[in-house]
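Structural description and commentary
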Amino acid sequence: MASDNEQPALDLERARLLEHALTTTREALTRLRYGAITLTVHDGILVQMDITERLRFKER
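1. Some remarks on the packing of aromatic side chains
For the structure shown, the criterion picks out zero aromatic pairs. Sitting over the face of the ring of Tyr34, Arg56 holds its NZ or CZ atom 4.4 Å from the ring centroid.

2. Observations regarding the side chain of Thr25
Relative to the helices and strands, Thr25 is located in helix α1 (residues 7-31). Here Thr25 falls in the buried class, since its relative accessible area comes to 16%. Those residues within four positions of Thr25 in sequence are excluded, and the remaining contacts are Leu39, Leu46 and Met49.

3. Looking at α1
For α1, with 25 residues, the first-to-last C-alpha span of 36 Å sits near the 36 Å given by 1.5 Å per residue. Three or more residues of α1 are buried, namely Ala21, Thr25 and Ala28. Residues of α1 that are buried make contact with β1 (35-42) and β2 (45-53).

Criteria and thresholds
Residues numbered from 1 in each chain as written. Predicted model: local features only at pLDDT ≥ 70, side-chain atom pairs only at ≥ 80, totals over all residues. Heavy atoms only, no water. Phe/Tyr/Trp six-rings, centres within 6.5 Å; stacked < 30°, edge-to-face > 60°. Lys NZ or Arg CZ within 6 Å of the ring centre and 35° of its normal. Helix = DSSP H or I, 4+ residues; strand = E, 2+ residues; numbered from the N terminus. Buried < 20%, exposed > 50% of the residue type's maximum accessible area, 1.4 Å probe, protein only. Contact = heavy atoms within 4.5 Å. Expected span 1.5 Å × (residues − 1).

What follows is the structure, encoded as structure tokens:
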């Protein structure tokens with residue numbers, strides 16, 4: 001268990017990870033035209049992002 005002195009550092013690290021996850025997700029959404037993005041979260045932290053892109057060769 002983290003002491004009171006370690007808690008602010010853990011909170012800062014968690015905030016940094018969250019900001020990185022949000023930035024990465026935003027960039028993936030911006031680039032993706034057709035497909036899916038799957039996020040895997042463990043203990044409230046994004047640990048994996050799978051991007052499946054579909055290429056369309058003919059418009060409907």
